[in-house]
Amino acid sequence: SLPQQLRDESDFDQLPHNIPVSATIADIEEKKGFIYYFRFVIEVKTRGGSKYLIYRRYREFFNLHQILESKYYPDDPDRPGPNTCVLPPLPGKVFIGNKQEIAESRIPELNTYMKRLLGLPTWFLLDEDLRMFFYQTDQDCEQLP
Ligand SMILES: CCCC(=O)OC[C@@H](COP(=O)(O)O[C@@H]1[C@H](O)[C@H](OP(=O)(O)O)[C@@H](O)[C@H](O)[C@H]1O)OC(=O)CCC
């Protein structure tokens, strides 16, 4: 993978304390409903040192990725501008197969995705959509791990 961007210490030090700096999948959970699905239990660490759990399903990763691509993918990949960046690839959709096996196979792929996303330059970590994805919602707080 790309060498971890050397963070300019001063930039990094300026980041708000609630900025996510790392996120790893701690577990997967099956949610029963009319359509059952799996979701990922993600432990987020913030710049300020706090840790919390959030619960996200694949389609939420997909939606985030689409938003980020629309904002930052250069129109001309050969001419990246100051406000474009190369995003890590998101593991693709899978149309058929065992949902549990698909979820389990996604754990390392989504961990790599999040690690590379949060390793992008500090200006990127301030993106509102990225921050919203990793913030703890009321629903996240209500979950019993
Ligand atoms: C043979 C059966 C085909 C079939 O059921 O596909 C259904 C849809 C795919 O549905 P989509 O919603 O577009 O995409 C699905 C969701 O993103 C789902 O997220 P989550 O885990 O959070 O639920 C992923 O786990 C699936 O891997 C993915 O395929 O396919 C399409 O709508 C595109 C068709 C080209």
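The present account deals with the structure reproduced in this document. (Residues numbered from 1 in each chain as written. Predicted model: local features only at pLDDT ≥ 70, side-chain atom pairs only at ≥ 80, totals over all residues. Heavy atoms only, no water.)

## Structural notes on the pairing of strand β1 (residues 20–31)
Then, number 1: Across 10 bridges, the pairing between β1 and strand β2 (residues 37–46) is antiparallel. Each bridged residue has a counterpart across the sheet, and for alanine 23 the counterpart in β2 is valine 44.
Then, number 2: Adjacent in sequence and paired antiparallel, β1 and β2 are bridged by 5 residues. (Pairing = 2+ DSSP bridges. Helix = DSSP H or I, 4+ residues; strand = E, 2+ residues; numbered from the N terminus.)

## Some thoughts on the nonpolar core
Then, number 1: Residues Ile42, Phe61, Leu117, Phe124, Leu130 and Phe134 are the most contacted members of the largest nonpolar core, which totals 32 residues.
Then, number 2: Those elements that provide at least two residues to this core are β1, β2, β3 (51–56), α2 (58–72), α3 (99–117), α4 (122–125) and α5 (128–134).
Then, number 3: Non-local contacts of leucine 117, meaning those with residues more than four positions away in its chain, are made with Leu64, Leu68, Leu87, Pro88, Phe124, Leu125 and Leu130. (Core = buried A, V, L, I, M, F, W, Y, C linked by side-chain atoms within 4.5 Å. Buried < 20%, exposed > 50% of the residue type's maximum accessible area, 1.4 Å probe, protein only. Contact = heavy atoms within 4.5 Å.)

## Things to note about the site of the ligand
Then, number 1: In the vicinity of the ligand, the contacting residues are Arg57, Tyr58, Arg59, Lys93, Val94, Phe95, Ile96 and Arg106.
Then, number 2: The separation between an oxygen atom of the ligand and a polar side-chain atom of arginine 57 is 2.7 Å.
Then, number 3: Residue valine 94 places a main-chain N or O atom 2.7 Å away from an oxygen atom belonging to the ligand.
Then, number 4: Here the ligand has 760 Å² of accessible area as a free molecule, and 50% of this is covered by the chains. (Near = heavy atom within 4 Å. Polar contact = N/O pair within 3.5 Å; in protein donor to acceptor, adjacent residues only side chain to side chain. Areas by Shrake-Rupley, 256 points an atom, 1.4 Å probe, with all protein chains shown as cover.)

## A word on the pattern of salt bridges
Then, number 1: Evaluation of the coordinates by the stated rule reveals 7 salt bridges.
Then, number 2: For aspartate 127, the salt bridge goes to lysine 71, with nearest N and O atoms at 2.7 Å. Of the two residues, aspartate 127 is situated in the loop between α4 and α5 and lysine 71 in helix α2; the sequence distance between them amounts to 56 residues.
Then, number 3: In this structure aspartate 127 comes out as buried when scored by relative accessible area, which is 4%.
Then, number 4: In this structure lysine 71 comes out as partly exposed when scored by relative accessible area, which is 37%.
Then, number 5: The residue glutamate 128 makes a salt bridge to arginine 131 at a minimum N-O spacing of 3.7 Å. One end of the pair is glutamate 128 and the other is arginine 131, both in helix α5 and 3 residues apart, which spans about a single turn. (Salt bridge = Lys/Arg side-chain N within 4 Å of Asp/Glu carboxyl O.)

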